[in-house]
Amino acid sequence: DLDKPAELTVWPGHTPAHVADARSFSTLRAALVAAAEAIDAEDAKPWIITEAGDILAPSWIRANTASCRLQ
């Protein structure tokens, strides 16, 4: 459900990852937008955990946000 809370963790894509940036979002939609922006701007590796416990990997996020940006 795009309107349920989600957790986003962004790992750096260009250097060895020692520290990740973790943030909570009030909606999965907002987390997906932030994840897509991180991929575009930083070549980062975002992971999302939904309220239901589903884990969305960077490849899934990239494939499902590439054709259109969620607003």
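Just above sits the structure.
This write-up is about the structure you can find in this document. (Residues numbered from 1 in each chain as written. Predicted model: local features only at pLDDT ≥ 70, side-chain atom pairs only at ≥ 80, totals over all residues. Heavy atoms only, no water.)

Another point: the side chain of T65. You can see T65 is positioned in helix α2 (residues 58-65). A relative accessible area of 4% means that T65 is categorised as buried. Reaching out from T65, the side chain makes a polar contact with the backbone oxygen of I61 at a distance of 2.7 Å. (Helix = DSSP H or I, 4+ residues; strand = E, 2+ residues; numbered from the N terminus. Buried < 20%, exposed > 50% of the residue type's maximum accessible area, 1.4 Å probe, protein only. Polar contact = N/O pair within 3.5 Å; in protein donor to acceptor, adjacent residues only side chain to side chain.)

As a further point, take the pairing of strand β1 (residues 6-11). Residues A6, L8 and V10 line the buried face of β1, whereas the alternating positions E7, T9 and W11 sit on a face that is not buried. In terms of strand pairing, β1 meets strand β3 (residues 45-50) through 6 bridges, oriented antiparallel. For E7, the partnering residue across the bridge sits in β3 and is I49. (Pairing = 2+ DSSP bridges.)

A few words now on the pattern of salt bridges. Evaluation of the coordinates by the stated rule reveals 2 salt bridges. In this structure, D21 engages R23 in a salt bridge whose closest nitrogen and oxygen atoms are separated by 3.4 Å. Exposure remark for R23: the relative accessible area of 34% places this residue in the partly exposed category. (Salt bridge = Lys/Arg side-chain N within 4 Å of Asp/Glu carboxyl O.)

The 4 strands are arranged β2-β1-β3-β4 in an open sheet whose pairing can be described as antiparallel. The open sheet has two free edges, formed respectively by β2 (21-25) and β4 (55-56), since each of these has just one partner strand. Pairing of β1 with β2 involves 5 bridges; the strand directions are antiparallel. Bridged to E7 within β2 is S24. Contacts from helix α1 (residues 28-42) reach β1, β2, β3 and β4, with the element oriented near 170° to β3. In this fold α2 packs onto β3 and β4, with an angle of close to 90° to the strand it touches most, β3. (Contact = heavy atoms within 4.5 Å. Axes fitted to C-alpha atoms, helices over the stretch in contact; angles between N-to-C directions.)

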